[in-house]
Amino acid sequence: MTAEIIDGKKIALEIQTELKLRISRLQAKGISPKLITILVGEDPASLSYLRGITRTCSETGVTTDCARLPSAATQQDLLGKIAELNRDQSVHGILLFLPLPKHLNAIEAESTISPAKDVDGTNPISTGKLLLGEDTFFPSTPYGVQELLVRSGHAPEGKHVVIVGRSNIVGKPLAGILLQRKPGANATVTVCHTGTKNLPEITQLADILVAAVGKARAITADMVREGTVVIDVGVNFVPDPVTGKNKQVGDVDFDAVKEKAAAITPVPGGTGAVTSIMLMVNTVRAAEESSK
Ligand code: NAP
């Protein structure tokens, strides 16, 4: 069996088209959705994510800017910037890039982002609401995984979803989202990590297997049952023996696993393509709610 390839770019475009309509309705009321990111220092991965967000904002019609603070900024400087953006009524969404320089306290900073503007769902209030099944903003990567599953016809309802990885930005919130007793969720969820014994035995029980491991090609074909839907969240760079340059690969051994899976996301072009657009979804929703 060769797997159906789940096209993240196509799904992202579909969502973008829907958003453009919602944005034009807001603009007719004089509201322009606005996302402000905060970057402390020069972390290269954050700078790359910033470029992606800026591009998606411009393609979608969301106004954006980045508040840059020097790496020597104090916690007070950071909290002051967040407070200023919380007060600014023209700002609908705030995203703080992590990691912060080591002398800064990320959780304290995230806790001060207004929940109404917390479009990446990182304020512990948003995290708690997610677990309680209350209305809140979901972090964009796990939200994108849910959207990919639903829009590609592999809705998680009643399925056994095995997630490999329990980070606070991917594995844990994804488990919380898919556990909810709601349409597009209501799955049986197992979360695996480095303390999990007999990992391949557990991954083979999955109807839907999500890899958020952070290690290139960690999920091998022997870990996957025939007919599983495989979602690869991983972004890793490895040397390409043909070109000698680095190339992007996921946490799944794509070439081998696609021969067993029913459906699989590629890297690039799978989950990564949807993450930034989910941030736009949340920002537009924040703007809509601010207008009520
Ligand atoms: P992370 O913070 O490094 O977490 C990795 C998780 O995988 C941890 O829970 C770790 O377990 C677990 N793990 C690592 N090796 C394992 C093994 N051999 N067996 C079982 N579990 C193992 O990574 P992350 O931030 O969640 O990111 C995961 C991947 O997604 C990365 O490749 C990252 O680049 C990518 N990512 C993609 C997007 C996107 O938009 N597509 C967004 C964010 C991240 P322990 O908790 O026990 O250490």
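Here the structure is a predicted model, which is why all the values come from computation and not from measurement. Within every chain, residues take consecutive numbers counted from 1 along the sequence as written. Local features in this predicted model are restricted to residues whose pLDDT is 70 or higher, and side-chain atom pairs enter the listing and the counts only when it is 80 or higher, whereas totals over whole chains, interfaces and linings include all residues. Note that the side-chain values use all heavy atoms of the structure and ignore hydrogens as well as water.

Participant: What exactly am I supposed to notice about the overall build of the protein here?
Facilitator: Helix numbering and strand numbering both begin at the N terminus, where a helix is a DSSP run of H or I of at least 4 residues and a strand a DSSP run of E of at least 2. Scanning the protein from N- to C-terminus turns up ten helices and eleven strands. Its C-alpha radius of gyration of 19 Å places the protein within 12% of the 19 Å reference for a compact globule of 292 residues. Seen along its three principal axes, the alpha-carbon backbone of the protein occupies a region of about 55 × 40 × 40 Å. Accessible area is worked out with a 1.4 Å probe on protein chains only. A residue is then buried under 20% of its type maximum, exposed over 50%, and partly exposed in between. By the burial criterion, 50% of the 292 residues in the protein qualify as buried. Sequence separation of 24 or more characterises 71% of the internal contacts of the protein that already satisfy a separation of 6 or more. Surface exposure of the protein reaches about 13700 Å², of which carbon and sulfur atoms provide 55%. Positive charge is attributed to Lys and Arg, negative charge to Asp and Glu, and no charge count is given to His or to the chain ends. Every charge is mapped onto a representative atom, which is NZ of Lys, CZ of Arg, CG of Asp or CD of Glu. Separation of charge centres in the protein, based on 31 positive and 31 negative side chains, amounts to 2 Å. We compute the radius of gyration from the C-alpha atoms alone; for a globule the expected value is 2.2 Å times N to the 0.38, where N is the number of residues. Any pair of residues with heavy atoms lying within 4.5 Å of one another is described as a contacting pair. For every accessible area listed, the method is Shrake-Rupley and the probe measures 1.4 Å; residues are considered covered only by the protein chains on display.

Participant: Teacher, can you tell me more about the packing of aromatic side chains here?
Facilitator: Think of a pair of aromatic rings as described by two things: how far the centres are apart, and how the planes are tilted against each other in angle. Two rings from Phe, Tyr or Trp (for Trp, the six-membered ring) form a pair when their centres sit within 6.5 Å of each other. Planes less than 30 degrees apart are called stacked, planes more than 60 degrees apart edge-to-face, and all others tilted. In total, this model carries two aromatic pairs according to the counting rule given. With centroids separated by 5.7 Å and ring planes inclined at 80°, the aromatic side chains of Y49 and F97 adopt a geometry described as edge-to-face. Here Y49 is found in helix α2 (residues 44-60), whereas its partner F97 is found in the loop between β4 (93-96) and α4 (106-111), with 48 residues between them in sequence. Taking relative accessible area as the criterion, Y49 reaches 25% and is therefore assigned partly exposed. In this structure F97 comes out as buried when scored by relative accessible area, which is 3%. Taken together, a centroid distance of 5.4 Å and an interplanar angle of 85° make the contact between F138 and Y143 edge-to-face. The burial state of F138 is the same as that of Y143; both residues are buried.

Participant: What is the right way to look at the site of the ligand in this model?
Facilitator: If you check the shell around the ligand, you find 22 residues, and the closest are R166, S167, T194, K215 and T275. Under this definition, polar contacts are N or O atom pairs within 3.5 Å; protein pairs additionally need one hydrogen-donor-capable and one acceptor-capable atom, and for neighbouring residues in sequence, both atoms have to be side-chain atoms. Here an oxygen atom of the ligand sits 3.4 Å away from a polar atom, N or O, in the side chain of T141. When isolated, the ligand has an accessible area of 930 Å², and the protein chains bury 70% of it. With three residues, the top contributor of residues to the shell around the ligand is helix α10 (residues 271-290). Gly falls in the polar group here, along with every residue not listed as nonpolar (Ala, Val, Leu, Ile, Met, Phe, Trp, Tyr, Cys, Pro) or charged (Asp, Glu, Lys, Arg). When the residues that make up the shell around the ligand are grouped by side-chain class, the tally is eight nonpolar, eleven polar and three charged. Put simply, a residue is near a molecule or strand once any heavy atom of it comes within 4 Å of that molecule or strand.

Participant: What should I look at first to understand the nonpolar core in this one?
Facilitator: Among soluble globular proteins, nonpolar side chains are generally buried collectively. Definition of nonpolar core: a set of buried residues of the types Ala, Val, Leu, Ile, Met, Phe, Trp, Tyr and Cys, connected through side-chain atoms within 4.5 Å. Ranked by internal contacts, the top residues of the largest apolar core, which has 50 residues, are I15, L35, I53, V210, I231, I277 and M280. Excluding its chain neighbours within four sequence positions, the residues that come into contact with I231 are I6, V145, L149, I208, L209, V210, A211, T265 and T271. Counting residues in each nonpolar core, the second largest holds 17 residues, with I36, I82, L96 and L100 among its members.

Participant: Would you mind going over the packing of helix α6 (residues 140-151) against helix α7 (residues 171-179) with me for this structure?
Facilitator: For any two helices packed against each other, one specifies the crossing angle of their axes together with the interaxial distance. Only the contacting stretch of a helix is used when fitting its axis, a line to C-alpha atoms as for every element, and angles between N-to-C directions run 0 to 180 degrees. Following both chains from N to C, one finds α6 and α7 inclined at 40°, their axes separated by 8 Å at the closest point. By the angle class used here, α6 and α7 are oblique. Read as a crossing pair, α6 and α7 show a hand that is right-handed. Counted together, P142, Y143, V145 and Q146 of α6 and P173, L174, I177 and L178 of α7 form the full contact between these two elements. Looking at the contact of α6 with α7, its residues break down into seven nonpolar, one polar and no charged. Roughly parallel here means an angle under 35 degrees, roughly antiparallel means over 145, roughly perpendicular means 65 to 115, and every remaining angle is called oblique. Handedness of a crossing is defined here by the sense of rotation of the near helix relative to the far one, left-handed for an anticlockwise turn of less than a right angle and right-handed for a clockwise turn.

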